[in-house]
Amino acid sequence: MKETLARNIKIYRKERGLTQEGLAQILGLSFQAVSKWENAQTMPDISLLPQLSRTLEVSTDKLLGYASQYTPITIYEEAYQTQDYYWGTAPNQECYQVLQRMPPVKPLKLLDIGCGEGKDAVFFARNGYEVTAFDVSDAGIEKTKRLADHSGVHVNVFKADILDYRLDRHFDIVFSSGVLHYIKPELRQEIFDNYKRFTNQKGMHILNVFVNKPFIAPPPEKEPNAYKWYSGELLAYYQDWLIQESSEIVFDCSSSGIPHKHAMTTISAQKITSLEC
Ligand SMILES: C[S@@+](CC[C@H](N)C(=O)[O-])C[C@H]1O[C@@H](n2cnc3c(N)ncnc32)[C@H](O)[C@@H]1O
């Protein structure tokens with residue numbers, strides 16, 4: 001939270017063309033106070049948030065990293081509002097890779113980005129991982145909580161937008177399936193730098209992304225906030241990590257009721273920063 005707020009104050013201050021001194025003056029503070037916020041040394045007093053958000057012309061939710069400046073709408077919100085589990089309750093195949101590569105023989109913190117209705121997050125929690133998960137869909141969050149309760153496990157699940165949310169604490173495993181195409185291409189470097197930075201040594205990222213292929217027709221669901229990746233793009237973010245596995249598949253899908261195909265890249269990458277493997 002502190003890091004996200006620090007980053008957002010800096011971004012929006014600059015967007016408004018304000019210096020640290022300028023912002024401090026408006027708020028009746030010293031520029032050192034603003035500098036400490038932006039270095040994540042301190043956080044603004046809660047009573048200052050309304051004036052800060054007015055001055056930076058951004059909602060407090062956005063400042064805190066819990067709402068999008070792009071007002072995303074997920075096409076899944078409505079589907080998630082029914083009793084049925086749109087994606088079922090069985091985990092994705094890639095969840096088993098997590099079990100194989102980093103079995104929870106000691107406490108391991110796992111983040112599921114874009115958890116949907118929670119089938120994977122709950123699977124991980126049932127297998128002994130300490131699971132944090134987020135999604136932009138309110139109905140998805142509720143269903144994740146329900147599924148976790150039903151399975152007698154705890155998942156720390158909350159609403160956040162992938163475009164705005166940044167990690168400010170470390171994880172051992174970052175997992176995401178079917179979600180990373182919601183990251184705008186121009187934000188990918190910064191977001192992946194953040195995910196990598198907040199991954200523990202020897203931790204892993206197990207991810208997949210939809211990729212564009214000229215021989216595959218666009219999917220029937222029209223998603224205004226989706227930006228496919230190009231083949232090989234995901235791999236490029238992990239040049240300095242050990243690539244345990246990377247592959248590209250084409251598979252059939254009928255999620256919208258209309259049969260279609262997707263191409264997808266998957267990757268398992270491990271953070272190794274010392275000379276020892
Ligand atoms: C294809 S579903 C995958 C869900 C889940 N990972 C699974 O495999 O069951 C895509 C998910 O991304 C979520 N999503 C869409 N835009 C998002 C955003 N901007 N931030 C976070 N999650 C988002 C949707 O709500 C949806 O749950």
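Bear in mind that the values here come from a model prediction, so they are computed numbers and not experimental data.

## So, the overall build of the chain
Here comes step 1: Summing up its helical and strand segments, the chain has 11 helices and seven strands in all.
Here comes step 2: In terms of overall size, the chain behaves like a compact globule, its C-alpha atoms giving a radius of gyration of 20 Å where 277 residues would be expected to give roughly 19 Å.
Here comes step 3: In terms of overall dimensions, the chain has a C-alpha envelope of 60 × 45 × 45 Å along the principal axes.
Here comes step 4: Burial status across the chain gives 50% buried among its 277 residues.
Here comes step 5: Nonlocal contacts in the chain, meaning residues at least 24 apart in sequence, comprise 72% of its contacts between residues at least 6 apart.
Here comes step 6: For the chain, the accessible area works out to roughly 13800 Å², and carbon and sulfur atoms hold 52% of it.
Here comes step 7: If the 30 positive side-chain charges of the chain are averaged to one point and the 34 negative ones to another, these points end up 3 Å apart.

## Regarding the packing of aromatic side chains
Here comes step 1: Summed over all chains, the structure comprises 18 aromatic pairs.
Here comes step 2: Pairing Tyr86 with Trp87 gives two aromatic rings, centres 4.8 Å apart and planes at 85 degrees, and the pair type is edge-to-face.
Here comes step 3: Judged by its relative accessible area of 32%, Tyr86 is partly exposed.
Here comes step 4: Overall, the relative accessible area of 34% leaves Trp87 in the partly exposed class.

## Structural notes on the nonpolar core
Here comes step 1: Of all hydrophobic cores here, the largest spans 35 residues; its most connected members are Ile162, Phe192 and Tyr238.
Here comes step 2: Every element with two or more residues in this core is listed here: α6 (76-80), β1 (109-113), β4 (171-176), α10 (185-197), β5 (199-211) and β7 (260-270).
Here comes step 3: By residue number, the principal contributor to this core is α10, which donates four residues.
Here comes step 4: Of all hydrophobic cores here, the second largest spans 25 residues; its members include Val98, Met102, Ala125 and Ile206.

## Considering the layout of surface pockets
Here comes step 1: When its volume is computed, the second largest pocket comes out at roughly 190 Å³.
Here comes step 2: What lines the second largest pocket is simply Glu3, Thr4, Ala6, Arg7, Glu38, Arg166, Leu167, Glu190, Asp193, Asn194, Arg197 and Phe198.
Here comes step 3: Those elements giving two or more residues to the lining of the second largest pocket turn out to be α1 (2-15) and α10.
Here comes step 4: Looking at side-chain class alone, the lining of the second largest pocket contains three nonpolar, two polar and seven charged residues.

## Focus: the pattern of salt bridges
Here comes step 1: This structure, assessed with the given rule, holds 11 salt bridges.
Here comes step 2: Between Asp120 and Lys119 there is a salt bridge, and its shortest N-O distance comes to 3.4 Å. Side by side, Asp120 and Lys119 carry an identical accessibility label, which is buried.

## What about the state of the cysteines?
Here comes step 1: In the structure shown here, the tally under the stated rule is zero disulfides.
Here comes step 2: The closest cysteine sulfur to the non-disulfide-bonded Cys95 is located on Cys115, 12 Å from its own sulfur.
Here comes step 3: Residue class for Cys95 comes out buried when judged on its relative accessible area of 0%.
Here comes step 4: Distance from the sulfur of Cys253, which forms no disulfide, to the nearest cysteine sulfur (Cys95) is 17 Å.
Here comes step 5: A relative accessible area of 15% places Cys253 in the buried class.

## Section: helix α8 (residues 119-126)
Counting along an α-helix, one turn takes 3.6 residues, and residues three or four places apart therefore face a common direction.
Here comes step 1: When you tally the buried positions in α8, you get seven out of eight residues, the bulk of the element.
Here comes step 2: All of the buried residues in α8 are Lys119, Asp120, Ala121, Val122, Phe123, Phe124 and Ala125.

## Let's talk about the pairing of β1
Here comes step 1: Burial within β1 is extensive, with four of its five residues counted as buried.
Here comes step 2: Two strands pair when backbone bridges link them, and β1 and strand β2 (residues 130-135) are joined in this way by five bridges, in the parallel orientation. Paired with Lys109 across the two strands is Glu130, which belongs to β2.
Here comes step 3: A crossover links β1 with its parallel partner β2, the connecting element being α8, and its sense is right-handed.
Here comes step 4: Here β1 runs beside β4; their pairing, made up of three bridges, is parallel. When the bridges of β4 are listed, Leu111 appears paired with Val174.

Criteria and cut-off values
- Residues numbered from 1 in each chain as written.
- Predicted model: local features only at pLDDT ≥ 70, side-chain atom pairs only at ≥ 80, totals over all residues.
- Heavy atoms only, no water.
- Helix = DSSP H or I, 4+ residues; strand = E, 2+ residues; numbered from the N terminus.
- Rg over C-alpha atoms; globule rule 2.2 N^0.38 Å.
- Buried < 20%, exposed > 50% of the residue type's maximum accessible area, 1.4 Å probe, protein only.
- Contact = heavy atoms within 4.5 Å.
- Areas by Shrake-Rupley, 256 points an atom, 1.4 Å probe, with all protein chains shown as cover.
- Lys, Arg positive; Asp, Glu negative; His and termini not counted.
- Charge placed at Lys NZ, Arg CZ, Asp CG, Glu CD.
- Phe/Tyr/Trp six-rings, centres within 6.5 Å; stacked < 30°, edge-to-face > 60°.
- Core = buried A, V, L, I, M, F, W, Y, C linked by side-chain atoms within 4.5 Å.
- 1 Å grid on protein atoms, 1.4 Å probe; cavity = no way out; pocket = protein on both sides within 12 Å on 5 of 7 lines; lining within 4 Å.
- Points joined across faces, edges and corners; volume = space filled by probe spheres on them.
- Nonpolar A, V, L, I, M, F, W, Y, C, P; charged D, E, K, R; others polar.
- Salt bridge = Lys/Arg side-chain N within 4 Å of Asp/Glu carboxyl O.
- Disulfide = S-S within 2.5 Å.
- Pairing = 2+ DSSP bridges.
- Right-handed = clockwise from strand over helix to strand, strands pointing away.

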